[in-house]
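A structural walkthrough
What follows is the residue order along each chain.
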Amino acid sequence: PRSKPFHDHVINFVIVRGRIVVRHYQVLPPLNTSREDDTLVEIGPRFTLVPIKVLAGAFSGETLYSNVDYVSPNEARAGLEGK
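Model, not experiment: these values are computed from the prediction.

1. Here we look at the overall build of the chain
A count of helices and strands for the chain gives 1 helix and 6 strands. Starting at the N terminus and ending at the C terminus, the chain contains elements arranged as β-β-β-β-β-β-α. Burial analysis of the chain (83 residues in total) assigns 11% to the buried set. When contacts within the chain are restricted to residue pairs at least 6 apart in sequence, long-range pairs at least 24 apart make up 18% of them. Counting only carbon and sulfur atoms, one obtains 58% of the accessible surface of the chain, whose full area is about 7,400 Å².

Right, here's the structure in full:
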């Protein structure tokens, strides 16, 4: 048929050293009828997020989490200019 085949996808979120690592996989169907032979293949993209602040609302609200180690680029630049 002209329609594209449907592929299942898995997105994996892992917290490592205060960063959120995201990986994207595709589930490959087995060549035979056994469901035990399903395999995962990483198809990307792979990326890492550094959370700065988590708010209760979409863009406002109570601060649920704040990264105290984060230094904004403007603050870092101002610190370099002061030296």
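2. Some thoughts on the pattern of salt bridges
Tallied over the full model, the rule gives 2 salt bridges. Its salt-bridge partner being Arg-23, residue Glu-42 comes within 2.6 Å of it at the nearest N-O pair. Placement of Glu-42 in strand β3 (residues 39-42) and of Arg-23 in strand β2 (residues 19-28) is noted, with a sequence separation of 19 residues between them. Among the residues examined, Glu-42 registers a relative accessible area of 29% and is labelled partly exposed. Residue classification places Arg-23 among the partly exposed positions, given a relative accessible area of 26%. Shared partners join several salt bridges into a network, and the residues in it are Arg-23, Glu-42 and Arg-46.

3. Re the environment of Asp-38
One can find Asp-38 in the loop between β2 and β3. With a relative accessible area of 26%, Asp-38 lands in the partly exposed category. Separated by 10 residues in the primary sequence, Asp-38 and Leu-28 have C-alpha atoms spaced 5.7 Å apart. Leave out the neighbours within four places in its chain, and Asp-38 touches Val-27, Leu-28, Pro-29 and Pro-30.

Calculation criteria
- Residues numbered from 1 in each chain as written.
- Predicted model: local features only at pLDDT ≥ 70, side-chain atom pairs only at ≥ 80, totals over all residues.
- Heavy atoms only, no water.
- Helix = DSSP H or I, 4+ residues; strand = E, 2+ residues; numbered from the N terminus.
- Buried < 20%, exposed > 50% of the residue type's maximum accessible area, 1.4 Å probe, protein only.
- Contact = heavy atoms within 4.5 Å.
- Areas by Shrake-Rupley, 256 points an atom, 1.4 Å probe, with all protein chains shown as cover.
- Salt bridge = Lys/Arg side-chain N within 4 Å of Asp/Glu carboxyl O.

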